[in-house]
Amino acid sequence: MIKITVGVLALQGAFHEHVVLLKKAAASLVSQQASSSHWEFLEVRTPQELERCDALVLPGGESTAISLVAARSNLLDPLRDFVKVHRKPTWGTCAGLILLAESANRTKKGGQELIGGLDVRVNRNHFGRQTESFQAPLELPFLSTSDESESPFPAVFIRAPVVEKILPHQNGVQEGEAQRDETVVAPSRQAESEAARKAMSTEVEVLASLPGRAARLAVNGNSIRADEETGDIVAVRQGNVFGTSFHPELTGDERIHSWWLRQVEDSMKRLQ
Ligand code: GLN
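Within an unreviewed UniProt entry, the label attached to the protein reads glutaminase, and the organism entered is Aspergillus mulundensis. Looking at the protein in UniProt, the text filed under Sequence similarities (unreviewed entry) is "Belongs to the glutaminase PdxT/SNO family." Quoted verbatim from the Catalytic activity (unreviewed entry) field of the UniProt record, the comment on the protein reads "L-glutamine + H2O = L-glutamate + NH4(+)".

What follows is the structure, given as structure tokens:
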């Protein structure tokens, strides 16, 4: 039996809800015999607590506040090492996704720092101020097994970012991005081992998008242009790093937590 310690960064935001749902998801996996690991969950506020973790969740909240407190707690560099040097499984939701992006716009230079790990640019507060929050049924094909398709996920968006651009993979700072106005980029890090380097050279996979503008117009009887169909990218994965724009921890629906824990367990088994 392997022991897996999963941390949730607990500086600000919806960290408690993640811990509750992770525990629930792990208990279901164990009781259904879908996991034989011994799971432990830990709120992370110090570099010492981070060191104990095999995997980490960065919650939603306010990315500027989280990065500020992380800097004051001397956690920013250990977090970058965790994600980009040791390449441990890390999942960011909403503000957490912003922190894991290599580039974030609508951010004053010096206003916040990024951890990075995902070669994407996020657009903060994408859905604007009037419609800051909404819930939408979201198709998540990655949750489906070959013989069973899943019902849509009740995705909660609160002043959510979206991935507005997938960047070319770069083993260093996204220089082109650094030139842009109101855009911050993450500092570079080198992977520590061959396996970690491989995880880092993986392409960004788009795991989910909200139906595009054209699809919404089509409901009103207008014609659709295929190139407008892509929609807003709201879930991505690149190697060990997973990011969602929405808040699965606020719904009580444990499917994504359970899927991610299985990914963590698989990657731990590969390392053994
Ligand atoms: N808009 C917030 C930010 O920029 C994210 C909101 C959230 O995590 N719900 O950090």
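On we go.
A. Representation of the packing of aromatic side chains. In this structure the tally under the stated criterion is eleven aromatic pairs. For the pair Trp91 and Trp260, a centre-to-centre distance of 5.6 Å together with 50° between the ring planes defines the contact as tilted. Of this pair, Trp91 sits in strand β4 (residues 90–93) while Trp260 sits in helix α9 (residues 255–271), and the two are 169 residues apart along the sequence. Of the two residues, Trp91 and Trp260, both sit in the buried class. An aromatic cluster of three or more residues is present, and its members are Trp91, Phe142, Phe242, Trp259 and Trp260.

B. Focus on the site of the ligand. Every residue lining the ligand is accounted for by Gly60, Gly61, Glu62, Ser63, Cys94, Ala95, Ile98, Arg124, Asn125, Ile158, Arg159 and His247. Ser63 is positioned such that a nitrogen or oxygen atom in its backbone is 2.6 Å from an oxygen atom of the ligand. In the model, a nitrogen atom of the ligand is placed 2.9 Å from a nitrogen or oxygen of the Ile158 main chain. Out of a free accessible area of 300 Å², the ligand has 96% covered by protein chains.

Criteria and cut-off values
Residues numbered from 1 in each chain as written. Predicted model: local features only at pLDDT ≥ 70, side-chain atom pairs only at ≥ 80, totals over all residues. Heavy atoms only, no water. UniProt positions renumbered as here; feature names shortened; annotations may be inferred. Phe/Tyr/Trp six-rings, centres within 6.5 Å; stacked < 30°, edge-to-face > 60°. Helix = DSSP H or I, 4+ residues; strand = E, 2+ residues; numbered from the N terminus. Buried < 20%, exposed > 50% of the residue type's maximum accessible area, 1.4 Å probe, protein only. Near = heavy atom within 4 Å. Polar contact = N/O pair within 3.5 Å; in protein donor to acceptor, adjacent residues only side chain to side chain. Areas by Shrake-Rupley, 256 points an atom, 1.4 Å probe, with all protein chains shown as cover.

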